[in-house]
Every structure is written in structure tokens, then in C-alpha cells.
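Take a look at the letters that make up each chain.
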Protein chains: 2
Amino acid sequence: MSLVVDNIGELVTNVAGSGEGGPLGIRRRVAVLVEEGEVAWIGPAADAPAADRRIDAAGAAVLPGFVDSHAHLVFAGDRAAEFAARMAGEPYTGGGIRTTVGATRAASDGELRATVRRLHAEALRQGTTTIEIKSGYGLTVTDEARSLRIAAEVSAETTFLGAHVVPAEYAARPDDYVSLVCGPMLAAAAPHARWIDVFCERGAFDADHARAILACGQALGLGVRVHANQLGPGPGVRLGVELGAASVDHCTHLTDADVDALASTRFDCMCADGGHTSTVATLLPGAEFSTRSPYPDARRLLDARVTVALATDCNPGSSYTSSMPFCIALAVREMGMTPAEAVWAATAGGARALRRDDIGVLRPGARADLIILDAPSHLHLAYRPGVPLVRQVLHNGVPR
Amino acid sequence: MSLVVDNIGELVTNVAGSGEGGPLGIRRRVAVLVEEGEVAWIGPAADAPAADRRIDAAGAAVLPGFVDSHAHLVFAGDRAAEFAARMAGEPYTGGGIRTTVGATRAASDGELRATVRRLHAEALRQGTTTIEIKSGYGLTVTDEARSLRIAAEVSAETTFLGAHVVPAEYAARPDDYVSLVCGPMLAAAAPHARWIDVFCERGAFDADHARAILACGQALGLGVRVHANQLGPGPGVRLGVELGAASVDHCTHLTDADVDALASTRFDCMCADGGHTSTVATLLPGAEFSTRSPYPDARRLLDARVTVALATDCNPGSSYTSSMPFCIALAVREMGMTPAEAVWAATAGGARALRRDDIGVLRPGARADLIILDAPSHLHLAYRPGVPLVRQVLHNGVPR
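What you see is a predicted model, and the numbers here were worked out from it, not measured in a lab.

Draft legend 1. Geometry of the relation of the copies chain A and chain B. By a simple turn and slide, chain A fits onto chain B: the slide is 0.0 Å along the axis, the RMSD is 0.0 Å, and the turn is 180 degrees. Read as a symmetry element, the transformation amounts to a two-fold axis. Judged by C-alpha distance, glycine 386 of chain A is the residue of chain A that lies nearest the rotation axis, at 2.6 Å. Taken as a fraction of all interface residues of chain A, those also at the interface in chain B reach 100%, which identifies the copy contact as same-surface.

Draft legend 2. Quick look at the packing of aromatic side chains. On inspection of all chains with the given rule, the structure shows 15 aromatic pairs over all chains. When the centroid spacing of 5.1 Å and the interplanar angle of 75 degrees are considered together, the rings of tyrosine 320 of chain A and tyrosine 383 of chain B count as edge-to-face. With one member in each of two chains, tyrosine 320 of chain A in the loop between strand S16 (308–310) and helix H11 (324–334) and tyrosine 383 of chain B in helix H13 (residues 380–383) form a pair that bridges those chains. For tyrosine 383 of chain B, a relative accessible area of 1% corresponds to the buried category. On the basis of an interplanar angle of 75 degrees and a centroid distance of 5.8 Å, the ring pair of phenylalanine 75 of chain B and tyrosine 320 of chain B is categorised as edge-to-face. Within this pair, whereas phenylalanine 75 of chain B is found in the loop between strand S6 (66–68) and helix H1 (80–87), its partner tyrosine 320 of chain B is found in the loop between strand S16 (308–310) and helix H11 (324–334), the two being separated by 245 residues in sequence.

Draft legend 3. Highlighting a negative patch on the surface. Together, Glu35, Glu36, Glu38 and Asp52 of chain A line one region of the surface with negative charge. On the secondary structure map, glutamate 38 of chain A appears in strand S3 (residues 38–44).

Draft legend 4. Quick look at the confidence of the model for chain A. Mean pLDDT over chain A: 96, with 100% of residues reaching 70 or higher. Interface scoring of the predicted complex returns ipTM 0.97; its pTM is 0.98.

Draft legend 5. Examining helix H8 (residues 256–263) of chain A more closely. Residues and elements named next belong to chain A. Inspection of H8 places Asp258, Val259, Ala261 and Leu262 among the buried residues, and these make up the whole buried set. For H8, the arc enclosing every buried residue in end-on projection is 160 degrees, short of the 170-degree limit, so these residues lie on one face. The exposed residues of H8 that point more than 90 degrees off its buried face are Asp256 and Asp260. Looking at the buried side of H8, the elements it contacts are helix H7 (236–242), strand S12 (247–250), strand S13 (266–268), strand S14 (275–277), strand S15 (280–283) and helix H10 (298–303).

Draft legend 6. Looking closely at the domain arrangement of chain A. Residues and elements named next belong to chain A. Partitioning chain A into domains gives domain 1 (3–65 + 361–399) and domain 2 (66–353). The interface is formed by 20 residues belonging to domain 1 together with 20 residues belonging to domain 2. Counting the surface lost from both domain 1 and domain 2, the interface buries some 1,500 Å², and carbon and sulfur atoms represent 74% of this. When the area that domain 1 buries against domain 2 is broken down by residue, the three leading residues are Gly65, Leu381 and Ala382, summing to 29%. Taken together, domain 1 and domain 2 are joined by zero salt bridges. At the surface where domain 1 touches domain 2, the tally comes to two residue pairs in polar contact (both at pLDDT 80 or more). Mapped onto the side of domain 1 that touches domain 2, the elements with two or more residues apiece are strand S5 (61–64), helix H13 (380–383) and strand S18 (390–395). Here the side of domain 1 that touches domain 2 gets four residues from one element, more than from any other, and that element is S18. Here the residues of the side of domain 1 that touches domain 2 are counted per class, giving 13 nonpolar, five polar and two charged.

Calculation notes
- Residues numbered from 1 in each chain as written.
- Chains lettered and ligands numbered in written order.
- Predicted model: local features only at pLDDT ≥ 70, side-chain atom pairs only at ≥ 80, totals over all residues.
- Heavy atoms only, no water.
- Least-squares fit on C-alpha atoms with pLDDT ≥ 70 in both.
- Contact = heavy atoms within 4.5 Å.
- Phe/Tyr/Trp six-rings, centres within 6.5 Å; stacked < 30°, edge-to-face > 60°.
- Helix = DSSP H or I, 4+ residues; strand = E, 2+ residues; numbered from the N terminus.
- Buried < 20%, exposed > 50% of the residue type's maximum accessible area, 1.4 Å probe, protein only.
- Patch = residues over 30% accessible without salt bridge, like charges linked within 9 Å, V, L, I, M, F, W, Y side chains within 5 Å.
- Areas by Shrake-Rupley, 256 points an atom, 1.4 Å probe, with all protein chains shown as cover.
- Salt bridge = Lys/Arg side-chain N within 4 Å of Asp/Glu carboxyl O.
- Lys, Arg positive; Asp, Glu negative; His and termini not counted.
- Charge placed at Lys NZ, Arg CZ, Asp CG, Glu CD.
- pLDDT = per-residue confidence, 0-100.
- Arc of directions from axis to C-beta.
- Domains from an automatic or database assignment.
- Buried area = accessible area lost by both parts, 1.4 Å probe.
- Polar contact = N/O pair within 3.5 Å; in protein donor to acceptor, adjacent residues only side chain to side chain.
- Nonpolar A, V, L, I, M, F, W, Y, C, P; charged D, E, K, R; others polar.

Spelled out as C-alpha cells, the structure:
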């Protein structure tokens, strides 16, 4: 079935140099033809080919679907009471993760599946057409494997995070837990995972443990991502760079050496956007919002020509939002990003953080993942905070 | 037609003392019977009477619809570019109001009506069942009157804000503009308005002008509200108290004398909630978010036992959000409110700011304005920022 989205007022292509707005590659008064789940043609609305179905965008802005490259959707229970206590002054230490681990282990497959599907659908309604999903609330061989199996039912971007925290039963012998993660847990998880991730932070895993775990995952063909420098300065970012990580995530507390390390992964090229860093800095402002912490300094990273992505960190403890527009608005208000930079980071940036070139972009051959806004411009995603502005979503070319 | 909302997990009644949660009066496992647009009965789910229609809340939280007591919906044009420039560092001075005045005057009735109805519907979808609408972008006799006529088509809570700014054509003779506002403009506007409001701020109207205008409105039977202390300290709050205003709005820059003046309007009573201030402090955190300004200190007001409301300030210049949940999340993150205080302020607080006792509350005889969340608790409105959590809205007892 073919489909044409017609009467587009502003099309954000993220093909740098193909229109206005620099990296956003904005084209006006165009149509997009979709065939077999892919973008088949983009051109002036007046030249739009015939198609089996037509969607009239009525002059609205159309963007690539959001790419949320960091989310923890496989869990049970909710931590609303912990949230309320934190807002009354208790600090966030990450300790509540163990609460969710207990609830997740106790849940049936059906309960976990229902939560994953509910949040996946909720994200899709809000325009997120790709969402990475991590394990990390099971922390046993069986529970990590089933978490990833359930995640893989709805997303190809699954990440093994057995090294989220050391579970209580291993508190006295973390080396043994690392051996478990690198051995039987990884073996059971890897068939369902594309990525491996470690929470490299004081109170979770130090650089040596993190390096060992990530290297084991790499040996099995998994790509590397790192939870790094969220709660304080630390070795996570530099470790990610050392291992060629696709992304280091959070980046709230960076030294100049961390920024330099990220910038050093830059590959310049003759392409229109001038190149990118091979390790992306993925910023998760929902976590700072919901833990009342200082925000990461996106401007500093952008000025150092580090490639930046935005993601939700959706999880029941520190950031229970699934809204990419909310993250865009925060990035503009709090992190020194322009609306255009934030929109790019939430689409093309997320795609780079997942090393994908078929999403986060609208050009012939790309996946037909796109959103039609209730607004004439991408600027409205930051200009109208909190308002559900995504009118319609096409996922793999199918209207949802 | 009668309707029963059944299987409610948590009902926020805002009837203090009728359940848990202090002022929220939370009841669990109850049903609500609706007849002729009003709440007819609330009781244990097991005792729910028969009704023509049944809505299964499936264990979710049900709250009174949001009462947005401060919004500017009658305008033309958009100021997304001004927003983007401000985010790049330009300060907010209120000067852009004149841009919107020009566009509004040039617009047809049909264009203004379409915008009002679009935003009204957008707010209703997000759970706002009462929304106050101000004029203030016409600033001629004809344009203010038609703004209010159009606003009154969708809301009973209309406010004459001819004294928003002095329009350019009167810049050299503000006294003449005040005479126009108090004379023919007020006469033309009053039949369509319940309230009168003045932007009492440096660069807009000083205390003497504001007092004169508000007194003229009072003489015609309009209730008083004041835009006060948004951009800096000033006389607005104390003027509002002096005139018995229902609400002073913004309250971003308050002296101790301002807080004392508000607290002095408190009436203590034998009622379960212990009483309230007759002048409500309405806080509008969307404006601080979108102008990157410091937030008002809600905690200080609450600790002084001043009644606080939350509203959106929805307008194209300084706060183009229509989302009350977004304002709740900001109030908790940034203004020292607990989730319960913020939810109360966005419902019952807004009702008090409009001097209404039939809305913002769920008890027999109240208007059947209620919302069913995609969540088990009111806490989720702050805990899940940015996520559209309002699953269903009943407005005057009618499902929307």
C-alpha cells in the first residue's frame, strides 16, 4: 500500500544542507510518498504522485519520529511515594532501584509484558517511533533473560543492563556478581539484546568492573553504552570512549577531560553536516527534573562539537516520563540548547546514539517513521511545553 | 440521563475531612453517580445505584476537572520566533504584547473564534473543565468587546483586560487611554465579562491608574483580579487586597508586606479545611518556564496560610501552554509545593480564585466536571511529567 502525506507546511528532514535550518534540512510545502514502510519520494506538494491513501497535513509541521535511545520499561511496581518523599527533601541516591528489583522478580511474565506494552504504546502515541529498552530490574539469570525477551517483542533496540546495581544478595561479594553477569547472565541475555550497558557510578560499578563487563559483552557482539557521570564526576565517560561506546548517557557531571575525550571521537567528513562524534553524549533531563538535580550543560558539549542526543530515561524511580517533547522543552529551558538543536537531538541524535542511519531522518530509503504536529513549526515543541502536540504518528509507514 | 463512574481506585473530592489526604479528601473504591450534569451521589462502589450508562474507571484515580483561572485565548498570530530569540538570550519585557495586538486587530471574528475554540478544546482534552478567558489583545472599544463576546461563547469566566498595556497609539497620553478604558471600552465590554483585570507593572499600569480602572469595573458589578508582581516588586498585590480582589496573579516578586497583606485576607472558620484567604495568590509557572525567570515561592505563601491557585497563563508570548498537569509538575519541582498541594491548587484553588463553590470539588450538588487518569493516583500528575495522563473527561456530566 502506498500513502502520501500532503500539504506539509514544514518538513524537518534532518538531511543537512537539503533545505533551511542547517542540520534540520527544513523543506516547505512538500509532500512525502511512503511505500512498503519506507520513504519513497519527497518533493513539491504540487508534484505529489498518486497513492492508495492520502493524509492531509493541513499546513502542519512534519518531523521524523522521535528516537528515544534510553529507557527502562521492564519493571513492576511504582515509586510514586518515593517521588513524593524526594520532592519533600529526601536526596536521590539510586537506592530505590532495589525496590523495583524486588517487585520485578515477583511479577509474572504477563504483568511485565503488560507494563512494557502500555509504556511502548504510550510513547508511540506521543511520537516516539523507536525506543531502546533496557533490562536491569531482574538481576538474576532468569529475570534478566525474560526481561530482554519481553522487551524484544516490541523493540529491536534492547540493552542488557545486568550491571544496573549489585543486588542485595551479592552486596558482600560484588566480584561474584560481576562474574555472574559476565558468565551465565550474559549468555542467557545476549540472544535477546543488541547492546550492553553498565551503571558506572559510585554505589554501583567502578571502572574496573564496568570495563570487564562491557568487554565480555563486546566479545559476544553486543554494542557498548554506559550510564556515566550522572550523580557525580567519575570514570564512566572516559571508559565509554575507550571502549568505542555508541553513547555515554547522563553526562551531568563532566570535567574538561571528559569533554575532550568525547570530542576526540569526532570524525570530520565532507558530508553536509561536517561530521559527528562516534560516541554520542545522551542527555536525560527528565532525570534531573524528577530528582531535582542540576541539569547537564548541553551548550558546553555542543560548543566542543560533541554530538548530543536527548532521551527520556523512562523508569519508575528517577524519571517516569515517556515524553520526548517534554525533554525537548527542558533542554531548551535548562540546558542551553536552541529549539532546533533539541529537536535534532531527539530525532537524529537518538538515531546516532543507536548507530542507525535509517531512522531519525526523512529521505528516500529511510524508514517511514514520521509525526504530524498540531502546529506549524518544530519550534512549537519547546514553545508549547506540556501540550500534547503530536496529532498523528506513522510507524513503518502505518498510521497509528 | 444518569451515569455512574464505577471502580474508582482513588477519588480526590477536595472535601476536606471526608477522607485521607487532608484537603484532598481522598476516598477509595468508590463510585460517583451523575445526574443532570451534577454529582448526585458518591459512595462505596458496592452500593453504586443503577444508571443509564456506566464508565469503568478500572481502578484509576478520578479528580475534579482542572480549573484554569488565568488564560489569554483571544488572539491572532504566534510568537514562536520571539520565543526562540528569548531562549537564545533576549530578556522578556512584555513588549511583544503589542505584536499580538496588531495581529488580533487585523484578524476576522472567524479567525479569533477558531483560535479560541481550538485552544478551549485542547485544554478540555487535557482535563481543564473550567477556563477563564481574558481579553487584552484588542485594546480598542470594538476589539475588546468582540474579544469578550467570542470568549463568552465558550466560557462563563470572562475577564475584561483592556488595561493589558497602553497601545502604541496612546503611548504619549496614557491618561487618555485610562479614560477610554474606564468609559466607552468598559461599557462595551462589561455585558460580556464577569471580571476586570489590570496588568499592574512597571511598563504597563501604575497603582493609581490600576486602582481607577478596577474601581470603574467594580462599579459596574465586575469582580476584581490583578496581574501583580510578575516582573519585579510593585504595588499590585497590595492594591488587589485593598480592592478585595478574588485573585492576584503571578506573585513572582513578593515582599514580606505583600505576603502579610494576602494573609490578612484570611477568614478562619469552623469548616474542615480551616478557612482560606479571600484574595487567592494565583501562580503561573508556565510563564517563568517560558521566559526563563525565577519561579514564585509557593512554599512561602503556603506557610503564611495564603490560599494558592495554579493556572497556565496560556498566551502566545510568555506561556503558550494549556497544560495544567505541566503546571502541577513545575510547581512541585520548582516552587516547593507537594504533589497534593499542587493538585489542590489546580482544582479547588482555581475555583476559589474564581469564587466558585460548584467546581473544583466533587460532592453531591457540585458540577459533574471530573477527569479519569491513566494512573492509580493523583501523585502521577507530578511523578510523570509531560505525559498526557488524562484518559477521559466528563464536562457537565457529559463524556468528552
